[in-house]
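Understanding the architecture of this molecule
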Amino acid sequence: MRMGHLLRRAGFGANEEEMDRFLAMGEEATVEYLIEYETVDDSALEKRLTGLDLDLEKLRDLQRWSLLRMIYTQRPLQEKMVLFWHGLLTSAFKKVGKGPYMLNQDQLFRRQALGEYDVLLKAISRDSAMLIWLDSRVNNKKAPNENFARELMELFSMGIGPYTETDVRESARAFTGWGLKKKEFLFRANQHDYGTKTFLGRTGEYSGDDIVDIIMEHPATANFVCRRLFTFFVHDGPDAATLASLVWTFNDTRYSVKAVMRRILTSLEFYSSKAYRAKIKSPAEFVAGTVRMLGIETDGRPLNALTDRMGQILFSPFDVSGWPGGAAWINSSTLLQRLNFANKIATARGRSFKFDPLQVAQDHGFNTTAAAVNHFISLLLDGQAPSQDRQILLDYAQGLDGLSASGNPSATVDEKLRSLVYLVMSSPDFQLA
Amino acid sequence: MLISRRNFLKSSVALVPAYAFLPSVFRRAVASSILESPTGSAAFPDRTLVVVQMAGGNDGLNTLVPYSDNRYYDHRPNVAIPGGDLLHLNSEVGLHPAMSKLKELWDEGVLAIVEGVGYQNQSYSHFESMHIWQTGGRSDTLNNGWLGRYFDTLDRSQDQGFRGMAVGRILPPECSTPHAPIPVVESVALYQLHSDPRYPDAAQIRADSLLKLYSASPRETPYAVLLDNTVEAAYKSSQALQEADKAYRSAVEYPSTSLGKGLRLLSEAIIGDLGIRVGHVTIGGFDTHANQPKDHDNLLRTVSEALYAFYQDLKAHGKDRNVVIMTWSEFGRRVKSNDSDGTDHGSAAPLFILGTPVAGGLYGERPDLGYLYNDNLNFTTDFRTVYATVLEDWLGASSEAILGQKRLDTLPILSAP
């Protein structure tokens, strides 16, 4: 149960073979494996993706590429961090447009997945997608455009409160002239305001990088970043002491996200009952995680559109604040899409997208309904299901006894076995991370 | 800053409704305590309010343009619209040229425009300002959305899972309530529960087992209430909507924009008598920091054409007397434009109220372009006055209870019997 939790939160779940391997390694070594991902060979993933001939300047292909990474990577924490950064330092295809922009931003998140936060902020303020998304490229000294400066403080670093409207206007001046040429960052000196700015109580001839440095020194920033990491990976209500210890680590290591993540993943809070199943899986986690846990082979083609319908259009969140997450993932529409996704997987009989639970049953030599129920509860729900749920599943699937012996399954066996997996994936607990 | 950082953190978490964290053992108690206190606003069960959210901060000054005021042209030379291009409503103001369809409705006398709508101490953050509009104020005691609190006043013993309907993929925070969740629908085709295509006979018993998994075991996990309530609402409302869809034929061609499709969906639910008291649809993209002239033109054209089609469709089905539409946006934009042909976050702006029951015309007071603070307009009408107007004079609900403050004077837009 602890390992299932760790791999779900710090990754996208695990199939049987992976789970056995990590259990043998033990928790401590698994955390190190996840964090020190640069030592892990992920060339099989890159090879698989290259083979698909995707056009990553197009939204659909980029989404498929991204979901396939979540499903097949050997570096699950790196991909999970990319998803985290994408939801925090958001840009969206719908404004940024076709081109290398969103891919490059995603690759920046991958390179800086567990890096220092000031480095990431300085890089994102020069990132071409961001320069378009928050209008920095047209921020000129004559009449500055405040879009990036405001969101840098409100959404990327301190949160609302510690700064004034004057701080917004002054810092916008510091970012004037940060432009884009031939799809790359270009500093346009003639559009930069070299004058004196007063920002968060300090005065100087600040550039954009100076603004980031000042923001990093403000105590609200460490607090904001650590809280965002904790609530994404653990639960929504960190207590003051926990938050303070993460903030200490963050400042002590000069803004190392890796150090904070190591603390989080080895903390008591992370494994506490308050954290277990305390989060709603995001659509990307739900879709990629399900395919990964069941070990389904796919080129990702049906998956991106299904993730969209559940309310998460990867590379194109609704607005600058990314996805609100939590309860906002669940409403009548998105829940129907989750249930229908479970149905699509459970009844996947096609050649290119196939799930064969009878093969699973025969591989394991199940001979009773109870064995089949146990297997899927163990694989998909960490073996943790309330007895009422277990009984509902047993009642539905009864009559599977001796199933693995039968060469050609009867319609009843086919229906019941697939419906059993459907019901497990549709259950309330499976919606939770 | 009026809102402390701590409160904002709290309020941003409040987008996740508090009830979502209750274990399901408490759920029935929550539901019944609310059911026992209906405030009797079951008046006018055949009336619907449709709320259109223009997200991102609509530039009010370029929506309803004060073309006779030269200061308008002085402040924003690169985005101002020449007086000759506007759709004149009188000798002082005109609608943006992209809104010719709304101008037709103005000429019919069914479009009201409330000017200068905003609130004290404007927040320039999209999210804080949206939160203020969505909950109905800055108060910590206002949990859930203002429309959610309206839903709470309704007797839900007879409804089909539809008291409201939001178009899209995300429940708008103004509709959140601890009651059975308001259905969120993206399209009729997607809004149904699928079964194993090979075994249609097993569909019903499988669905029954599914519902049992949600209701059978009380769970201690957060979100248990939310999941339990939602699966029930989704199942019931999807069946009702599929039925309504079989009977519906739109009388007009809707524009193929997502707003057009969304309003068509609401029309379908209203014409199908699903019991929708409030419909909600969002159009985004109004955050026009750059290249505003072209983008804003598209946006306002989209709004104008979609609202027009919706109104004509309702009319053709004899439902136009039952529906009032209102628009809102979290703020207007800076009076002074920026150098990138756009406008930054601002304050007060006009909003639209449309429908056959509406007494068309201009309401409220036009903000004075000679009296700005930090290049922003001063608001003249509190947004809660508009809320009180639709609650009291259209839905027959007590605005006092819902908005949590002394009864506000309403605008005489819907007071005709």
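1. A few points about the overall build of chain B
- Within chain B one finds twelve helices and twelve strands.
- Taking the intrachain contacts of chain B between residues at least 6 apart in sequence as the baseline, contacts between residues at least 24 apart amount to 74%.

2. Overview of the interface of chain B and chain A
- The interface of chain B with chain A comprises 63 residues on the first partner and 55 residues on the second.
- When residues of the side of chain B that touches chain A are traced back to their parent elements, those giving at least two are helix H1 (5–13), helix H5 (126–135), strand E7 (184–185), helix H7 (203–215) and helix H8 (224–247) of chain B.
- Sorting elements by how many residues they give to the side of chain B that touches chain A places H8 of chain B first, with nine residues.

3. Focus: the pairing of strand E2 (residues 184–187) of chain A
- Of the strand pairs in this sheet, strand E1 (residues 178–181) of chain A and E2 of chain A are connected by four bridges, and their pairing is antiparallel. Its bridge partner being in E2 of chain A, Gly 179 of chain A is matched across the sheet by Leu 186 of chain A.

4. As for the domain arrangement of chain A
Residues and elements named next belong to chain A.
- Taken as a whole, chain A is organised into domain 1 (116–278) and domain 2 (283–431).
- On a C-alpha basis, the centroid separation for the pair domain 1 and domain 2 is 39 Å.
- Opposite the four residues of domain 1 that make contact, domain 2 presents four residues.
- Broken down by class, the residue content of the side of domain 1 that touches domain 2 amounts to one nonpolar, no polar and three charged.

5. Regarding unusual backbone geometry
Residues and elements named next belong to chain A.
- You will see that Lys 182, though not glycine, has its phi angle at about 45 degrees, which is positive.
- Position of Lys 182 among the secondary structure elements: in the loop between E1 and E2.
- One non-glycine residue, Arg 277, adopts positive backbone phi at about 55 degrees.
- Relative to the helices and strands, Arg 277 resides in the loop between helix H16 (257–265) and helix H17 (283–294).

6. Regarding helix H21 (residues 369–381) of chain A
All names here are of chain A.
- Here H21 is 13 residues long and its end C-alpha atoms lie 17 Å apart, about the 18 Å a rise of 1.5 Å per residue gives.
- For H21, the full list of buried residues reads Thr 369, Ala 372, Val 373, His 375, Phe 376, Ile 377, Leu 379, Leu 380 and Leu 381.
- If you follow the buried residues of H21, they end up packed against helix H2 (16–25), H17, helix H20 (357–364), helix H22 (387–397) and helix H23 (411–426).
- Backbone geometry just downstream of H21 places Asp 382 in the positive-phi region, at approximately 55 degrees.

7. Describing the sheet that holds strand E4 (residues 94–95) of chain B
All names here are of chain B.
- One open sheet accounts for three strands, arranged E2-E4-E3; its pairing is antiparallel. Either end of the sheet is taken by a strand with one partner, and the two such strands are strand E2 (64–65) and strand E3 (87–88).
- Pairing between E3 and E4: two bridges, direction antiparallel. Bridging from a neighbouring strand, His 88 pairs with Gly 94 of E4.

8. Concerning the environment of Gly 159 of chain A
Residues and elements named next belong to chain A.
- Its place among the elements puts Gly 159 in the loop between helix H11 (147–154) and helix H12 (165–174).
- For Gly 159, a count of 22 C-beta atoms within 10 Å translates into the label buried.
- The sequence separation of Gly 159 and Val 225 amounts to 66 residues, and the corresponding C-alpha distance is 9.5 Å.

9. Quick look at the pairing of strand E9 (residues 323–328) of chain B
Residue and element names in this part refer to chain B.
- With six of six residues buried, E9 is to be regarded as a mostly interior element.
- Here E9 shows two buried faces, one formed by Val 323, Ile 325 and Thr 327 and the other by Val 324, Met 326 and Trp 328.
- With six bridges connecting them, strand E1 (residues 48–54) and E9 associate as parallel partners. Counted as the bridge partner of Leu 49 is Val 324 from E9.
- When E9 meets strand E10 (residues 349–354), the two strands line up antiparallel, connected through two bridges. Residue pairing for E10: Met 326 is matched across the bridge by Ile 353.

10. Brief notes about the packing of H22 of chain A against H7 of chain B
- Where H22 of chain A meets H7 of chain B, the closest approach of the two axes is 9 Å, and the angle between their N-to-C directions is 170 degrees. As judged from the angle between their axes, H22 of chain A and H7 of chain B are roughly antiparallel. Contacts from Asp 389, Ile 392 and Tyr 396 of chain A of H22 of chain A reach H7 of chain B at Ser 209, Lys 212 and Leu 213 of chain B.
- By residue class, the composition of the contact of H22 of chain A with H7 of chain B is three nonpolar, one polar and two charged.

11. As for the environment of Leu 379 of chain A
Residue and element names in this part refer to chain A.
- Examined against the element boundaries, Leu 379 turns out to sit in helix H21.
- Overall, Leu 379 belongs to the buried group, with 21 C-beta atoms counted inside 10 Å.
- In this structure, the C-alpha to C-alpha distance between Leu 379 and Gly 4, residues 375 residues apart in sequence, is 9.0 Å.
- Once residues within four sequence positions are removed from consideration, Leu 379 is found in contact with Glu 16 and Met 293.

12. Points about the nonpolar core
- Leu 420 and Val 424 of chain A together with Leu 111, Met 326 and Leu 354 of chain B are the most contacted members of the largest nonpolar core, which has 245 residues in total.
- Here this core spans two domains, since at least three of its residues come from each of domain 1 (116–278) and domain 2 (283–431) of chain A.
- Discounting residues that sit within four places of it in the chain, Leu 420 of chain A has contacts with Ala 372, Val 373, Phe 376, Leu 393, Tyr 396 and Ala 397 of chain A.

13. Quick notes on the packing of helix H14 (residues 219–233) of chain A against H16 of chain A
All names here are of chain A.
- The interhelical angle for the contact between H14 and H16, taken along N-to-C directions, is 40 degrees, at an axis separation of 11 Å. If you check the angle between H14 and H16, you find them oblique. As for the relative orientation of H14 and H16, their crossing is right-handed in sense. On H16, the residues touching Cys 226, Leu 229, Phe 230 and Phe 233 of H14 are Val 260, Met 261 and Ile 264.

14. As for helix H15 (residues 240–252) of chain A
Residues and elements named next belong to chain A.
- For H15, which comprises 13 residues, the first-to-last C-alpha distance of 18 Å matches the rise-based estimate of 18 Å (1.5 Å per residue) to within 8%.
- All buried positions along H15 are accounted for by Thr 242, Leu 246 and Phe 250. Along the long axis of H15, the arc covered by the buried residues comes to 75 degrees, so they all point the same way. In H15, the exposed positions that point more than 90 degrees away from the buried face belong to Ala 240, Ala 241 and Asp 252.
- Against H14 and H16 lie the buried residues of H15.
- Residue Arg 254 follows H15 closely and has a positive phi angle near 50 degrees.

15. A few points about the environment of Phe 109 of chain A
Residue and element names in this part refer to chain A.
- Tracing the backbone shows Phe 109 in helix H8 (residues 101–111).
- On the basis of neighbour counts, which here come to 23 C-beta atoms within 10 Å, the residue Phe 109 falls in the buried class.
- C-alpha separation for the pair Phe 109 and Arg 188, spaced 79 residues apart in sequence, amounts to 25 Å.

Reading the values: the criteria
- Residues numbered from 1 in each chain as written.
- Chains lettered and ligands numbered in written order.
- Predicted model: local features only at pLDDT ≥ 70, side-chain atom pairs only at ≥ 80, totals over all residues.
- Helix = DSSP H or I, 4+ residues; strand = E, 2+ residues; numbered from the N terminus.
- Contact = placed C-beta atoms within 7 Å.
- Pairing = 2+ DSSP bridges.
- Domains from an automatic or database assignment.
- Nonpolar A, V, L, I, M, F, W, Y, C, P; charged D, E, K, R; others polar.
- Expected span 1.5 Å × (residues − 1).
- Buried ≥ 20, exposed ≤ 12 C-beta atoms within 10 Å, placed from the backbone.
- Axes fitted to C-alpha atoms, helices over the stretch in contact; angles between N-to-C directions.
- Parallel < 35°, antiparallel > 145°, perpendicular 65-115°, else oblique.
- Core = buried A, V, L, I, M, F, W, Y, C linked by C-beta atoms within 7 Å.
- Left-handed = near helix turned anticlockwise from the far one by under 90°.
- Arc of directions from axis to C-beta.

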